[in-house]
Every structure is written in structure tokens, then in C-alpha cells.
Amino acid sequence: MNLFFSASIRGGRDDVDLYADLINHLNRHGDVLTEHIGEQDVEAKEQAQGLTDADIYNQDVYWLREADAVIAEVTTPSLGVGYELGRAVAWDKPVLALYRPDADHELSAMVRGNPDVEVVEYETLDDARPTIDAFLSQHV
Ligand SMILES: O=c1[nH]c(=O)n([C@H]2C[C@H](O)[C@@H](COP(=O)(O)O)O2)cc1CO
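Only a predicted model underlies this, so the values are computations on that prediction, with no experimental measurement involved.

J.: Would you mind going over the UniProt feature "binding site: substrate" (unreviewed entry) in the protein chain in detail, with residue names and values included?
T.: Taking the UniProt record as the reference, the feature "binding site: substrate" (unreviewed entry) is found at Y19, E84, S108, A109 and M110. In terms of the greatest pairwise C-alpha distance, the residues named above, spread along 92 residues, do not form a single cluster, extending to 22.6 Å across. Checking the named residues against the largest pocket, the ones that line it are E84. Considering the arrangement of structural elements, one finds E84 in helix α4 (residues 79-90). Apart from residues lying up to four places away in sequence, E84 is in contact with F4, S6, D60 and L64.

Structure, rendered in C-alpha cells:
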């Protein structure tokens, strides 16, 4: 199973350790096409590889097309994540959006109000794991 994990990069990296933990869990279910999102120095690595923004865009849209399901961590608002969710919905992919309610970032109505996105609020990684398991067994 190909899984596309989506989470903030240029929108802010406060939750990068959590992203890595979520990716670790997703790896039990299938191949995570976007493991780089959990790496601390993702942008430096992409730069070292000589990737332009166009390369990153093309690669991500290709991976998204290949994905059987999309799991996003949407607590830190990100234009790229919003874009990916829109494309995933348009392609009829199952989409799970994991959101930790916090005082700083209210979730966009374009995500919470979208009937084709399953939004689940959670607090800890231990809460998120069974949510992911149930979502994947139901949809993929
Ligand atoms: O360097 C990158 N590499 C990359 O894979 N992305 C993709 C994957 C993420 O799910 C999403 C993050 O978007 P943003 O950078 O706008 O927060 O876009 C985004 C960037 C930078 O915008």
C-alpha cells in the first residue's frame, strides 16, 4: 500500500518530531512515499540534491497520484498541505486529517468543512495510532 503523509514544511516545523513518529507508525501499514517530511533538515537535504521548487512540486504531485490514501497532520497551517488535500479529494483518494486543537491555529473551514476529508481531533501520538489503523482498515 502506498501512503502519502502530508504535513507542514515551510508553514512551520514545530511538530517535526511528531511527524517522524506518525511516519514510523504509517510504515507498519505500507510504503510512506513522503518520509522526508519527518526529517529535521528536509529543506537543506533537498537543496543539497539540487531540487528546485518545480522538482519538489512535480515529485510530490506524482507521489500523490500514486498514493492509495493520504494522511495529513494539519495542526500547523500549511499552503502546501492544503493544496495536496485539495488534489487528493479531486482524485477521490481517502483523506484523513489529524488535528490537535490548540489556541494558536484554528483549523481551516476548507478542511473541517469538507465532507470528503475525515477530520479527527487528537492529543497525543497514542491517540493518533488507533485512529490511523481504523481509517486504513476501513478505506484501503
Ligand atoms: O520542500 C518541500 N518539500 C515537500 O515535499 N513539500 C510538500 C510536502 C508537504 O506535505 C507540503 C508542505 O507544504 P509547505 O511547505 O507549504 O508547508 O508540501 C513542500 C516543500 C516546501 O514547500
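Anyway, onward from the coordinates.
J.: Which residues make up the pairing of strand β3 (residues 69-73), and what values go with them?
T.: Of all five residues in β3, five are buried; the element is thus mostly enclosed. Both faces of β3 are covered, namely the face carrying A69, I71 and E73 and the face carrying V70 and A72. Here strand β1 (residues 2-7) runs beside β3; their pairing, made up of five bridges, is parallel. Residue S6 lies in a different strand from β3, and its bridge partner there is A72. Sheet topology note: the β3/strand β4 (residues 95-99) ladder contains four bridges and is parallel. Across the sheet, the residue bridging to I71 is L96, located in β4. You can see the chain leave β3, run along α4 and come back into β4, and the turn it takes is right-handed.

The rules behind the values
Residues numbered from 1 in each chain as written. Predicted model: local features only at pLDDT ≥ 70, side-chain atom pairs only at ≥ 80, totals over all residues. Heavy atoms only, no water. UniProt positions renumbered as here; feature names shortened; annotations may be inferred. 1 Å grid on protein atoms, 1.4 Å probe; cavity = no way out; pocket = protein on both sides within 12 Å on 5 of 7 lines; lining within 4 Å. Helix = DSSP H or I, 4+ residues; strand = E, 2+ residues; numbered from the N terminus. Contact = heavy atoms within 4.5 Å. Buried < 20%, exposed > 50% of the residue type's maximum accessible area, 1.4 Å probe, protein only. Pairing = 2+ DSSP bridges. Right-handed = clockwise from strand over helix to strand, strands pointing away.

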